[in-house]
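The primary structure of each chain is shown beneath.
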Amino acid sequence: MGVSDTDNYQATIQKSRDRMSDLKAFDDTKAGVKGLVDAGIAEVPQIFILPPKNRPEYSDTCGSQFNFPVIDLEGMNEDPIKHKEIVDKVRDASETWGFFQVVNHGIPTPVLEGMLRGTQEFFEQDIEVKKQYYTRDVTKKVAHISNFDLYTPSVPAANWRDSIFFSMAPNPPSPEEFPRPCREILMDYSKHVMELGKSLFELLSEGLGLNPSYLNNIDCTEGLSVLGHYYPACPQPELAIGTSKHSDNDFITVLLQDHIGGLQVLHQNQWVDVPPTPGALVVNIGDLLQLISNDKYVSVEHRVLANKVGPRISVACFFYTGPFPSSKLYGPITELLSEDNPPKYRATTVEDYTHYFRKKGLDGTSALLHFKI
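A. Structural context of the packing of helix α3 (residues 80-96) against helix α6 (residues 183-207). Viewed as axis vectors pointing N to C, α3 and α6 meet at an angle of 80 degrees, and their least axial separation amounts to 9 Å. The angle between α3 and α6 places the two elements in the roughly perpendicular class. Here H83, I86, V87, V90, R91 and S94 of α3 lie close against α6, whose contacting residues are L203, L204, E206 and G207. Of the residues contributing to the contact of α3 with α6, the split by class is five nonpolar, three polar and two charged.

Shown next, in the form of structure tokens:
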């Protein structure tokens, strides 16, 4: 190793140490990104600055030539013709987009608005109250965190958002453990989303040519986690990202978003905006459903842009049991396999898949590749 190589190596090590101490200093405040904004920063700190090649402006963003799928669930169980139309739409969207919006889904508007408001109120309460929930312990059933993968070396930059995690099924914590601003609404909203989830899994089962109860019977609705996100206004949104490009590590996700927008989906190699639609919910296929459907349904990459306007509030509900102990193996569904369609993935437990996903972090690659045969 020549002198200049040694210098470069030592400079790299020093940079890495500096970054680690910056990350730790940020983490130790327990105040999250909101704490930085409240302190009046005018520039994005280094730990949040994306390398130029990862910045959204370098990607293909398109607006108008694609119509993001919207599916009206009204009359889903009353009219057999309507029911078949809805199944066809869900199947088509799940095969081609991996995403769709649902309207007339049965969750009352005041419940949706209350859930967004309760989430915002959690993040905007006094820092000393909020700090008591801040933790990196993944076994906690209530956890406030900024960037679950903050310390993962392969992640290009920290994301411009704070989060609050709740494990709502199968074994929720006692109501007193939930933060006061969102306690009641969280329990109410979760009940509604679980009902909607069961209906969506019936439609998705039929779309695969299976019995409507198939996916519910194999426990796709056993676990439900709720993740509230708070994206503060960003002084230099072109340098940062709200949420890095990733796909979800669950069976399906049901997302409630406010009016601000910023969610984009990768469709035919182009980033397409998911328009905020009052009263609608966004549904997307997760990695585990792509795995068990043997690529019939697709888990698609998506991201959230940083924005000068904020805060943006969203609430994502993940159907899976997450990091909690599980022994049930999930592999490609036997009924879907044939000589022409052999299994493309090895079986895994939800726990193992979750651990791999979390260890890898949002580094821009798919966790599914690790489970390919």
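We are not done yet, so read on.
B. Seen up close, the packing of aromatic side chains. Scanning all chains against the criterion turns up 15 aromatic pairs. These aromatic residues form a ring-pair network of at least three members: F66, F68, W97 and F99. Of note, K141 hangs over the ring of F324, and the distance from its end group to the ring centre comes to 5.3 Å. Note that R303 overlies the ring of W271, its terminal NZ or CZ placed 4.1 Å from the centroid.

C. Just the pattern of salt bridges, in detail. The tally for this structure, following the rule as stated, stands at 12 salt bridges. Among the salt bridges present, the one from K360 reaches D363, with a minimum N-O distance of 2.8 Å. Residue class for D363 comes out partly exposed when judged on its relative accessible area of 21%. Three or more residues joined by partner-sharing salt bridges are found here, namely K84, D88, R91 and D92.

D. Examining the environment of H259 more closely. Along the chain, the position of H259 falls in the loop between β8 (252-257) and β9 (263-267). Separated by 182 residues in the primary sequence, H259 and N77 place their C-alpha atoms 30 Å from one another.

Cut-offs applied
Residues numbered from 1 in each chain as written. Predicted model: local features only at pLDDT ≥ 70, side-chain atom pairs only at ≥ 80, totals over all residues. Heavy atoms only, no water. Axes fitted to C-alpha atoms, helices over the stretch in contact; angles between N-to-C directions. Helix = DSSP H or I, 4+ residues; strand = E, 2+ residues; numbered from the N terminus. Parallel < 35°, antiparallel > 145°, perpendicular 65-115°, else oblique. Contact = heavy atoms within 4.5 Å. Nonpolar A, V, L, I, M, F, W, Y, C, P; charged D, E, K, R; others polar. Phe/Tyr/Trp six-rings, centres within 6.5 Å; stacked < 30°, edge-to-face > 60°. Lys NZ or Arg CZ within 6 Å of the ring centre and 35° of its normal. Salt bridge = Lys/Arg side-chain N within 4 Å of Asp/Glu carboxyl O. Buried < 20%, exposed > 50% of the residue type's maximum accessible area, 1.4 Å probe, protein only.

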